[in-house]
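The lines below spell out each chain.
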Amino acid sequence: MEKEQVNAVPALSTPWTTRERVAALGFAAILLAVPLFETRQFVLHMFSLVAINSIVALGLQLLFGFSGQLSLGQAAFYGIGAYTSGLLTTKLGFPFPVAIVASGVAASFVSLLMVPITRLSGVYLAVSTLGFSILVYLVLKNEEWLTGGTFGFIGIPRVSLFGYVLRNPAYSYLLCVCLALAVYLGLAQLERSRFGRAVNAVRQNEDAARASGLPVTLLKSQCFVIAAFVAGIAGSLFAHQVRYLAPDDFTFWKSIEFLFMVVIGGVGSLFGAVLGTAFVVLLPEALRGIGQYRMLVFGALIVIVMLFGAGGLVGFLRSVGAALRGLITRNTKARSGATLPRAAPHE
Amino acid sequence: MGQEYIWDLFVGALAIGCVYSLVALGFAMIIRATGIIHFAQGEVMMLGSMSALSALWLLPKLPPGIVMLVGMVASAIVSVAMELFVYRTLRLRRIPIMNVITATVGMSIVCINAAQIIWGSEPLRYPELFGSGTYGFGGVRISPQLVWIMGMGFVIMGVLQLFLKHTRLGLALQAVAQDPDAAQLMGANLTRMMLVTFAITGLMAGAAGVMLGSLFFSFFQMGFITGLKGFIAATLGGLGSLGGAMLGGIVFGLIETFTAVYISSAYKDGIGMVLLILILLVSPTGLMGLWKKSK
């Protein structure tokens, strides 16, 4: 009888509804069409950076939003990926496709060393990942023979795919977007799978999840490794996008930025991670006009967005949408003379 | 490397450890009372340091005690203002704790950039607050700066302990930290207690800021890394434990100083981090947990 209950858990992933499919396709189409309308190099470069950063943010969303593990060390994996890719392509002459996969593998391999800390919870996990992030930064800064130290790592080639060098910023933008979309879809599928549901259970109540027979530690470590893998891939893209690496791109502050992206966008929402990334990457650029007050305003805006609650920007947009829908339905109902009370918007 | 040198290092490590302890105490007290990791604690410290320096510019003849007091009060005002205008609002709207923590980082960005606009980006030299020359202790010569900083650090921490153990307000603070609901039923005003917590942690951060400034420099980014180290020290001690925070700060100061001299100055922060991770792996609740386990 007990066995039956175990088997009663559906092993299939939650199917996508038509509406979700249309939304996803529309979103992808808009992103891919951007270079048709926007040809300024700098803008495309910024958009590429949004795509690259959002890959890390998506991974962190899996780690923090889905499995509830707070990491303040994603910049370390991002940095490991970036430097791995830089080293492989410049010093060993590997082609880009090999380097990017190797970057992800290198980052996840290093994260395997860190897996024992996933048994720590909450703030303790955050502090250990923070410590790890500082450690990696120090290695990048001090091991000059390998990383170029504070002078930076120069001469990283542009991305070349099958003998064709992506010189046009529009093409490198498309590459970044395609990879970001692939990571997005992969994680969205993961969220809907049995694995995603298990991870969700672990976040909500670790003890209950363990009592129901879920391998809690394994699930948590898997999330940790996947997040590191995607951060490594993003690091590789970053290396070939800016073609110059300095340790200061991978400080603890960068880890905090990734966390900002997730929390600002909305904890637990993949789309939120992308929105949050756009906010964190583009806003300081957009605020250049106000000069020295730029970061002051940026900090204040972050505090204000926090007022929206855990939903972040996505939650805010959703509640705006719900309010608009409410307004429309109320109007139609008023016209048809219905007096049904409106459902209270849930928090 | 004579014994004298080691003593000199040791006192220096204790002095810097006291600074970390004071910041760590702030982290520990706030996390106990509100559950927030207050990432702007380092910036509260920095603003106190800057304000005290400005007071010195206006009145160069101020005695060190008053300078310290100015820094402490300035930090307390900043800290209380943050609680009143930001964190309280967030709490009243029942915003999840992670968002409040992110907001504290936002506040820290605001403080850093405000300080850069007001005081500029250059490191600002502090005058030697506590006299120059050396003190001799049984043949060992030690800078009075270090001795005073260490002494003041210990006095402040002692006063805090007395306050928490022997005054009504202090006991109420402890009660709120242990069980907010029960404390509230007993008549403790939660909202006021949080304000008091932020005021006290601000006072301590201000003292730390003046100490750190007089040891090195004062500049707009000084709070960030010091705050981080204070946070790590608080975790090292076992988050939320006040004794642990003090111990953590001093241990961190010792590790950092002696690593820099004997192992590698480039990796002086790194060794501390490795030890931190190892300690947490052995005892997931920090040094205090280890202490209790061995008893």
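For every chain, the first residue of the written sequence is number 1, and numbering continues from 1 onward in sequence order. Chain A is the first chain written and ligand 1 is the first ligand written, with later ones labelled in order. With the structure being a predicted model, the display of local features is reserved for residues of pLDDT at least 70 and the display and counting of side-chain atom pairs for 80 or more, all residues being used for whole-chain, interface and lining totals.

(A) The overall build of chain B, seen in detail. Per the secondary structure count, chain B includes 12 helices and 4 strands. The reference for a compact globule is 2.2 Å times residues^0.38; the radius of gyration itself is calculated from the C-alpha atoms. Its C-alpha atoms give chain B a radius of gyration of 19 Å, near enough to 19 Å, the size a compact globule of 295 residues would have. On the principal axes, the C-alpha backbone points of chain B span a range of 60 × 50 × 35 Å. Partly exposed residues are those whose C-beta has more than 12 but fewer than 20 other C-beta atoms within 10 Å; 20 or more makes a residue buried and 12 or fewer makes it exposed, with C-beta atoms placed from the backbone. Burial analysis of chain B (295 residues in total) assigns 53% to the buried set. Counting contacts in chain B only where the partners sit at least 6 residues apart, residues at least 24 apart contribute 74% of the total. Going along the chain from the N terminus, every DSSP run of H or I of four or more residues is numbered as a helix, and every run of E of two or more is numbered as a strand. Contact criterion: two residues are in contact if their C-beta atoms, reconstructed from the backbone, are within 7 Å.

(B) Local environment of the overall build of chain A. Regarding its fold elements, chain A presents 15 helices and 2 strands. Its C-alpha atoms put chain A at 75 × 55 × 40 Å along the principal axes. The buried share of chain A, taken over its 347 residues, is 46%. Relative to all contacts within chain A whose residues are 6 or more apart in sequence, the contacts with residues 24 or more apart total 75%.

(C) Layout of the environment of A:T90. All names here are of chain A. You can see T90 is positioned in helix α4 (residues 74-90). In sequence terms T90 and L58 are 32 residues apart; their C-alpha atoms lie 28 Å from each other. Apart from residues lying up to four places away in sequence, T90 is in contact with G155 and I156.

(D) Fine view of the nonpolar core. Note on terminology: a nonpolar core is any set of buried Ala, Val, Leu, Ile, Met, Phe, Trp, Tyr and Cys residues joined through C-beta atoms within 7 Å. Core analysis: the largest hydrophobic core is formed by 209 residues, its most contacted members being A:V230 and B:A207. A total of 18 residues in this core trace back to one element, the largest contributor, which is helix α1 (residues 3-34) of chain B. Filtering out sequence-adjacent residues up to four positions away, B:A207 remains in contact with B:L22, B:M68, B:G71, B:M72, B:M152 and B:I156.

(E) View of the interface of chain A and chain B. In this complex, chain A contributes 31 residues to the contact, which on the side of chain B involves 33 residues. The set of elements that each furnish at least two residues to the side of chain A that touches chain B consists of α6 (122-142), α12 (252-265) and α14 (294-306) of chain A. A per-element tally of the side of chain A that touches chain B places α6(A) first, with 10 residues.

(F) How the structure looks around unusual backbone geometry. One non-glycine residue, A:R243, lies in positive phi territory at about 60°. A residue is classified by how many C-beta atoms lie within 10 Å of it, and A:R243, with 16 of them, is partly exposed. For B:R94, which is not glycine, the phi dihedral falls at a positive 55°. We classify B:R94 as exposed; it has 8 C-beta atoms within 10 Å.

(G) Representation of helix α13 (residues 270-286) of chain A within the structure. The length a helix should cover is 1.5 Å for every residue beyond the first. For α13(A), built from 17 residues, the straight-helix expectation of 24 Å at 1.5 Å per residue is met to within 8% by its first-to-last C-alpha distance of 24 Å. The set of residues buried in α13(A) consists of A:L270, A:G272, A:A273, A:V274, A:L275, A:G276, A:T277, A:A278, A:F279, A:V280 and A:V281.

(H) Structural context of the environment of B:S264. Among the secondary structure elements, B:S264 is positioned in the loop between α10 (242-262) and α11 (268-282). Taking the C-alpha atoms as reference points, B:S264 and B:A175, 89 residues apart in sequence, are found 44 Å from one another.

(I) Focus on helix α9 (residues 194-204) of chain A. Residues and elements named next belong to chain A. A198, V199 and V202 are the residues of α9 that are buried. The arc that holds the buried residues of α9, viewed along the axis, is 100°, so those residues lie on one side. Where α9 is buried, its residues contact α3 (41-66), α10 (206-211) and α11 (216-242). Here, the arc refers to the directions that run from the helix axis to the C-beta atoms.

(J) Spotlight on the packing of α3(A) against helix α8 (residues 169-192) of chain A. All names here are of chain A. Axis geometry follows a simple rule: fit a line to the C-alpha atoms, using only the stretch in contact for helices, then measure angles between N-to-C directions, giving values from 0 to 180 degrees. Running from amino to carboxyl end, α3 crosses α8 at an angle of 15°, the nearest separation of the two axes being 9 Å. What the angle tells us is that α3 and α8 run roughly parallel. As for how α3 packs across α8, the hand of that crossing is left-handed. Two secondary-structure elements touch here, α3 through Q41, L44, H45, F47, S48, A51, I52, S54, I55, L58, L62 and F66 and α8 through P169, A170, S172, Y173, C176, V177, L179, A180, V183, Y184, L187 and E191. Residues were grouped as follows: Ala, Val, Leu, Ile, Met, Phe, Trp, Tyr, Cys and Pro as nonpolar; Asp, Glu, Lys and Arg as charged; and all remaining residues, including Gly, as polar. Its residues assigned to classes, the contact of α3 with α8 comprises 18 nonpolar, 5 polar and 1 charged. The labels follow the angle: roughly parallel below 35 degrees, roughly antiparallel above 145, roughly perpendicular from 65 to 115, and oblique for the rest. When the near helix sits turned anticlockwise from the far one by under a right angle, the crossing is termed left-handed; a clockwise turn instead gives a right-handed crossing.

(K) The packing of α3(A) against α12(A), seen in detail. Residue and element names in this part refer to chain A. At a closest axis distance of 9 Å, the pairing of α3 and α12 adopts a crossing angle of 70°. The angle between α3 and α12 falls in the class roughly perpendicular. Seen from α3, the contacting residues are N53, V56, A57, L60, Q61, F64 and G65; seen from α12, they are F258, L259, M261 and V262. Of the residues assigned to the contact of α3 with α12, the class counts are 8 nonpolar, 3 polar and no charged.

(L) Focus on the environment of A:I30. Residue and element names in this part refer to chain A. On the secondary structure map, I30 appears in helix α2 (residues 18-37). Note on I30: 9 C-beta atoms within 10 Å, which makes it exposed. Each C-alpha atom, one on I30 and one on S54, is 16 Å from the other, the two residues being 24 residues apart in sequence.

(M) Region of the structure containing the confidence of the model for chain B. One number per residue, pLDDT, summarises how confident the predictor is, and it ranges from 0 to 100. Confidence in the prediction of chain B, expressed as mean pLDDT, is 87, and 95% of residues score 70 or more. Interface confidence for the predicted complex, given as ipTM, is 0.86, next to a pTM of 0.88.

(N) Local environment of the confidence of the model for chain A. All names here are of chain A. Put simply, chain A has an average pLDDT of 87, and 92% of its residues get 70 or more. Taking the mean pLDDT of every element in chain A, the minimum, 47, falls on helix α1 (residues 2-7) and the maximum, 95, on α4. For residues 337-347, every residue scores under 50 in pLDDT, and the model assigns this stretch 6 contacts once sequence neighbours within four places are set aside.

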